[in-house]
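Remarks on the overall topology
Here's the letter readout for the chains.
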Amino acid sequence: MAFEPPRRLVRALGETALDGDDWLEKLPEAAGQAVALRELTVERVQVPGGRSSLVVLVRRPDGTPAVLKLAPPRARPESERAALAHWGGLGAVQLLEPFTAEGVLLLERLHPDVSVRSLPEAKALLEAAGTLRRLWVEPPVGHPFETVAERTGRQAEAMRASAAADAEVRPLVDAALAAREELLAAPPEQRLLHGTFRQSKVLAGDRMPWLAVGPDPVVGECAFDLARLVRDRVEDLIASPSGAATTRRRVKRLAESLDVDQERLRGWTLFRAVESGVRARRVGRRADSELLLEFAGWL
């Protein structure tokens, strides 16, 4: 079978490509080797798939359905492997094999076309929040994970550079950076976080009704993880005449339901929305950028 990477993956990786990065060119061969090594039967490549990895639906030699995932080093697949191993299937997809090859994960098969996002909004937020709560555990001793301070520090540098060259985004960038500094001064807890949690990252399963997939794990306070969920369905929020009020209610409701400080959640939501909006603007996704920066202005 030809392992053709979906257009969504090619486009997303192209936005962050570095000189000499030939992962996409080597991907078909690497996928073929991973399948042969495990004696897997390939069903299909998941399309549109993710933005950072190739996802292949397969069956193991005994007929058990599974997912083969291949990701480039920049997507930190070994960090994902370590987090999934630590969660042990509680709230997240289960890892089916120990370490074998860098960038290759064999995972429990969920229902890839049924995410929490398919539910009505109120129900989707409730189920997503419940899943997220199960992931917030103590990180392992001597953990290999990046911290919130480290990750947002890199992002802050890129945001400053963008603001220096683009006066239009400078006020929001300044507000987001100020919020980050204040939030990092006294974090209330240190937990293992999903890192990129949103409704589309929660899929229906057989072992449990809903399980999280695709973490980019990080260690820090819970409000950082919850912040990405606040802006889910941002296009619907922007289109609504009551979008700003709905956003503020969502911050309050999610903070109360997960015992997170409301102002800390608002602050991280602001930082993450501005960071995403500025990054989208930098790579030419103007429509996405405008949505995110308008949303950030409501906070």
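Here, the structure is the one placed above.
Residues numbered from 1 in each chain as written. Predicted model: local features only at pLDDT ≥ 70, side-chain atom pairs only at ≥ 80, totals over all residues. Heavy atoms only, no water.

Scanning the protein chain from terminus to terminus reveals 11 helices and 10 strands. Dimensions of the protein chain, computed from the C-alpha atoms along their principal axes, are close to 55 × 40 × 40 Å. Counting the 299 residues in the protein chain, one finds 52% classified as buried. Taking contacts inside the protein chain between residues at least 6 apart in sequence as the whole, the part at least 24 apart equals 70%. (Helix = DSSP H or I, 4+ residues; strand = E, 2+ residues; numbered from the N terminus. Buried < 20%, exposed > 50% of the residue type's maximum accessible area, 1.4 Å probe, protein only. Contact = heavy atoms within 4.5 Å.)

A sheet is described by the order of its strands in space; here 4 strands give the open sequence β1-β2-β3-β4, paired in antiparallel fashion. The sheet is open, and its two borders are formed by β1 (41-45) and β4 (104-108), each paired with just one other strand. Between one strand axis and the next, the sheet turns through 30° on average, direction left out of account. For strand β3 (residues 65-70) and β4, the ladder comprises 5 bridges, and the chain directions are antiparallel. From the neighbouring strand, L70 faces β4, where its bridge partner is V104. In the packing of helix α2 (residues 23-38) onto the sheet, contacts are made with β1, β2 (54-59), β3 and β4, and the angle to β3 comes to roughly 145°. Running over the sheet, helix α3 (residues 77-87) touches β3 and β4 and is turned about 35° from β4. (Pairing = 2+ DSSP bridges. Axes fitted to C-alpha atoms, helices over the stretch in contact; angles between N-to-C directions.)

Of note, D232 is situated in the loop between α7 (222-230) and α8 (234-239). Discounting residues that sit within four places of it in the chain, D232 has contacts with R117, R198, Q199, L237 and R250.

Our next topic: the packing of helix α5 (residues 148-165) against helix α10 (residues 262-282). Between α5 and α10, the shortest axis-to-axis distance is 10 Å and the interhelical angle comes to 50°. Classed by the angle they form, the pair α5 and α10 counts as oblique. As α5 packs across α10, the resulting crossing turns out to be left-handed. On α10, the residues that touch V148, T152, Q155, A158, M159 and S162 of α5 are W268, F271, V274, E275, V278 and R282. (Parallel < 35°, antiparallel > 145°, perpendicular 65-115°, else oblique. Left-handed = near helix turned anticlockwise from the far one by under 90°.)

Quick look at the pattern of salt bridges now. Under the criterion given, the structure shown has 26 salt bridges. Taking the shortest distance from any N to any O, the salt bridge between R59 and E43 comes out at 2.7 Å. Of this pair, R59 sits in strand β2 while E43 sits in strand β1; the two residues are 16 residues apart in sequence, bridging distant segments of the chain. R151 is paired through a salt bridge with D216; the nearest N and O atoms lie 3.3 Å apart. Pair noted here: R151 is in helix α5 and D216 is in the loop between β9 (210-212) and β10 (218-220), with a separation of 65 residues, a long-range link. Beyond isolated ion pairs, a larger network of salt bridges with shared partners links R76, E146, R151, R154 and D216. (Salt bridge = Lys/Arg side-chain N within 4 Å of Asp/Glu carboxyl O.)

In total, this model carries 3 aromatic pairs according to the counting rule given. Consider the rings of W268 and F271, whose centres lie 5.8 Å apart with planes at 90°: the pair is edge-to-face. Pair noted here: W268 and F271 are both in helix α10, with a separation of 3 residues, about one helical turn. Classification of W268 by relative accessible area gives buried; the value is 0%. Taking relative accessible area as the criterion, F271 reaches 0% and is therefore assigned buried. Counting every residue linked through ring pairs, the aromatic cluster contains F224, W268 and F271. The ring of F224 carries the charged tip of R272 above its face, separated from the ring centre by 4.2 Å. (Phe/Tyr/Trp six-rings, centres within 6.5 Å; stacked < 30°, edge-to-face > 60°. Lys NZ or Arg CZ within 6 Å of the ring centre and 35° of its normal.)

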